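Residue-level structural notes
Chain by chain, the residues run as shown.
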Amino acid sequence: MSDNVVQVENLGKKYIISHQKGANTTLRDALTSSARAISRKLLTPFGKRMPDPNHQEFWALKNVSFEIKQGEVVGIIGRNGAGKSTLLKILSRITEPTKGQILITGRVASLLEVGTGFHPELTGRENIFLNGAILGMSKAEIKKKFDEIVSFAEVEKFLDTPVKHYSSGMYVRLAFAIAAHLEPEILIVDEVLAVGDVQFQKKCLGKMGNVAKEGRTILFVTHNMSMVESLCDRGILLEEGTLCLDGTSEEAVRVYLEKSYSLAQELPLNQRKDRTGSGRVRVSSFRILNEKGHEEQVLQSGKNYYFEIGYSNYIGKRLSNVVVGIGLVDDRGTLDLLLRSNFTNDYLTLNSDKGYILCGIENLPLVNGLYLVSMYLSHADSETLDHLQEVVSVVIDGGDFFGTGNPGLPNFCKFLVKAEWSTSHVHFLSHM
Ligand SMILES: Nc1ncnc2c1ncn2[C@@H]1O[C@H](COP(=O)(O)OP(=O)(O)O)[C@@H](O)[C@H]1O
Ligand SMILES: [Mg+2]
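A brief look at the structure comes next.

The rules behind each value
- Numbering of residues starts from 1 in every chain and runs along the sequence as written.
- Written order determines the labels here, with chains lettered from A and ligands numbered from 1.
- For this predicted model, a pLDDT threshold of at least 70 governs which residues receive local features, and a threshold of 80 or more governs which side-chain atom pairs are given and counted, while totals over whole chains, interfaces and linings are taken from all residues.
- Note: side-chain values were computed over all heavy atoms of the structure, leaving out hydrogens and water.
- For every residue, the accessible area (1.4 Å probe, protein chains only) is compared with the maximum for its type, and the residue is labelled buried under 20%, exposed over 50%, or partly exposed between those bounds.
- We count a stretch as a helix when DSSP gives it H or I for four or more residues in a row; a strand needs E for two or more, and each element gets its number in order from the N terminus.
- By definition, two strands form a pair when at least two bridges between them are found by DSSP.
- Note on contacts: a residue pair qualifies if any of its non-hydrogen atoms lie within 4.5 Å across the two residues.
- What is meant by a nonpolar core is a set of buried Ala, Val, Leu, Ile, Met, Phe, Trp, Tyr and Cys residues, joined one to another through side-chain atoms within 4.5 Å.
- Only heavy atoms are used to decide nearness, and a residue is near a molecule or strand if one of them lies within 4 Å of it.
- Residues adjacent in sequence count toward polar contacts only when both atoms are side-chain atoms; beyond that, a polar contact is any pair of N or O atoms within 3.5 Å, and within protein one must be able to donate a hydrogen and the other to accept it.
- For accessible areas, the Shrake-Rupley method is used with a probe of radius 1.4 Å. Any residue's cover is judged against the shown protein chains and nothing else.
- What a helix is expected to span follows from its residue count: subtract one and scale by 1.5 Å.
- Orientation is described by lines fitted to C-alpha atoms, with helices fitted over the stretch in contact, and by angles between N-to-C directions that extend from 0 to 180 degrees.
- We define a salt bridge as a contact between a side-chain nitrogen of Lys or Arg and a carboxyl oxygen of Asp or Glu at a distance within 4 Å.

1. Re the pairing of strand β6 (residues 186-189)
The two faces of β6 match: Ile 186 and Ile 188 on one face and Leu 187 and Val 189 on the other face are all buried. The sheet contact formed by strand β5 (residues 108-111) and β6 spans four bridges and is parallel. Residue pairing in the sheet places Ser 110 in a bridge with Ile 188 of β6.

As structure tokens, this is what we get:
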């Protein structure tokens, strides 16, 4: 197989999904489906299995084939539910493929969702040795790397604490440090880095860059398109479980963004499948209203707007303690604006069936451009109810932000901010 270190052939992964736990289950649905289940049992002759209408086969990956050479840094991108994590789990041998095969040459270290790869009852120290051993390293080799791992992860004080007591940030820091320092030949990283703080993300990027320079292979999943462009030689775009494009990272990012914008126009929010969360409450619509309450398709910098999120509550009773987030992502994939109700201690109470959440902002500070909106609903800061990433597109065009008729230089910057100018300190001492 020449210099390929990863070879994936016609890979397929099938899941069986149960509809009974779905978001749209009302009490009546539940009653009729259990009645159906009972009558099916009564009608089914012994030893014969009838197809169960509540269980459906679902292919998370279909016919995926590609090859990766030693030293390549590959970004794997795609919308929520595209199959990225499933692919990484199969490559890390955490799940079995249903079809096809993979061939991997070399030691693999993977960093998947928080929680995989660590033993919760063991201490940080013990987990370092355990993971090293899993990677096939000798105790002496691990000892040599030990101090570097601990200082990179910044967990000195907690080395002898079982990792189940770690915060999610500490967990990710240690997991990344182990995966990157134990000299794997192939490093596999899922979106987990998003959990760490920005400082640590930068450190990880630096480390991944170094790992790549040493000629080792990296596969990683991210929603951050600038990361893909700056770090990867190659991009693989997955779409609904199939390989949509395998090319340069620039090509993959461009096609991903183009598809995101056209998809954002097409599908009503309540029909979209590319969402995560428990589904107990779901976003059903999104509009932007001006001060008069009229819907606007094209926004202007400097004006006041209300974002209106329509929701459907499937719990059947009022729900308090709800946190809402709205994000605007620009055409490079950068999250430029993040509004979140808990930043201002706003916890909302939702109706028992459906209703609207409104969020008003003054003096829209973003410059001209095309943006995609993401929406997020969570309960009590813990349960994600619904998360839709980059699903509605919004155009900002023109406006008179400064109230002077001068538009500023919107091609040179992302934000507009009103400033005060003076040649005297006294001016500010008395004002600010
Ligand atoms: N254990 C599972 N059982 C059933 N469906 C699953 C399971 N894991 C993932 N899926 C489904 O497979 C699809 C792909 O999931 P995933 O690989 O996590 O996507 P991505 O990481 O690209 O967001 C999704 O529709 C998801 O709901
Ligand atoms: Mg994933």
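There's more to say after this.
2. Here's the deal with the environment of Ile 94
Secondary-structure assignment places Ile 94 in the loop between α2 (84-91) and β4 (99-104). Remark: the alpha-carbon pair of Ile 94 and Gly 117, spanning 23 residues in sequence, is separated by 9.5 Å. When sequence neighbours within four positions are dropped, the list of residues in contact with Ile 94 reads Lys 89 and Leu 112.

3. A few points about the environment of Tyr 256
In this structure, Tyr 256 sits in helix α8 (residues 249-266). You can call Tyr 256 buried: its relative accessible area is 4%. Taking the C-alpha atoms as reference, Tyr 256 lies 9.2 Å from Leu 238; in sequence the two are 18 residues apart. In this structure Tyr 256 touches Ile 77, Gly 78, Arg 79, His 223, Met 225, Leu 237 and Glu 390, once residues within four positions along its chain are discounted.

4. Section: the nonpolar core
Core analysis: the largest hydrophobic core is formed by 50 residues, its most contacted members being Ile 128, Leu 174 and Phe 176. Ranked by residues supplied to this core, first place goes to helix α5 (residues 168-181) with nine residues. The next biggest cluster of nonpolar side chains, apart from the first, holds 35 residues, and it includes Leu 299, Leu 337, Leu 350 and Ile 357.

5. Description of the site of ligand 1
Around ligand 1, a shell composed of Tyr 15, Ile 17, Phe 58, Ala 60, Arg 79, Asn 80, Gly 81, Ala 82, Gly 83, Lys 84, Ser 85 and Thr 86 is seen. Contacts to ligand 1 include Tyr 15, whose side-chain N or O atom sits 3.5 Å from a nitrogen atom. A distance of 3.2 Å separates an oxygen atom of ligand 1 from a polar atom in the backbone of Ala 82. When isolated, ligand 1 has an accessible area of 560 Å², and the protein chains bury 64% of it. Mapped onto the shell around ligand 1, the elements with two or more residues apiece are β1 (4-18), β2 (55-69) and α2.

6. Considering helix α4 (residues 139-153)
Across its 15 residues, α4 extends 20 Å between first and last C-alpha, which sits within 8% of the 21 Å expected from 1.5 Å per residue. For α4, the set of buried residues is Ile 142, Lys 145, Phe 146, Ile 149, Val 150, Phe 152 and Ala 153. Looking at the buried side of α4, the elements it contacts are α3 (124-134), α5 and α6 (198-213).

7. A look at the sheet that holds strand β11 (residues 281-289)
Spatial strand order, β11-β13-β17: three strands in an open sheet with antiparallel pairing. Only two strands of the sheet have a single neighbouring strand rather than two, namely β11 and β17 (354-361). Across the sheet, the mean angle from the axis of one strand to that of its neighbour is 20°, orientation sign disregarded. Two strands pair when backbone bridges link them, and strand β13 (residues 305-313) and β17 are joined in this way by eight bridges, in the antiparallel orientation. If you follow Phe 307 over to β17, its bridge partner there is Cys 359.

8. Some remarks on the pattern of salt bridges
If you walk through the whole model with that rule in mind, you get 18 salt bridges. In this structure, Glu 72 engages Arg 234 in a salt bridge whose closest nitrogen and oxygen atoms are separated by 2.9 Å. Of this pair, Glu 72 sits in the loop between β2 and β3 (73-77) while Arg 234 sits in strand β8 (residues 234-239), placing them 162 residues apart in sequence. The closest approach of N and O atoms between Asp 246 and Arg 234, which form a salt bridge, is 2.9 Å. Within this pair, whereas Asp 246 is found in strand β9 (residues 242-248), its partner Arg 234 is found in strand β8, the two being separated by twelve residues in sequence. Among the ionic contacts, a cluster of salt bridges with common partners joins Glu 72, Arg 234 and Asp 246.

9. A look at unusual backbone geometry
Backbone geometry places Glu 154, a non-glycine residue, at a positive phi of 55°. Here Glu 154 is to be found in the loop between α4 and α5. Classification of Glu 154 as partly exposed rests on a relative accessible area of 44%. Backbone geometry places Asn 363, a non-glycine residue, at a positive phi of 50°. Relative to the helices and strands, Asn 363 resides in the loop between β17 and β18 (369-379).

By themselves, these observations are geometric and do not establish any function.
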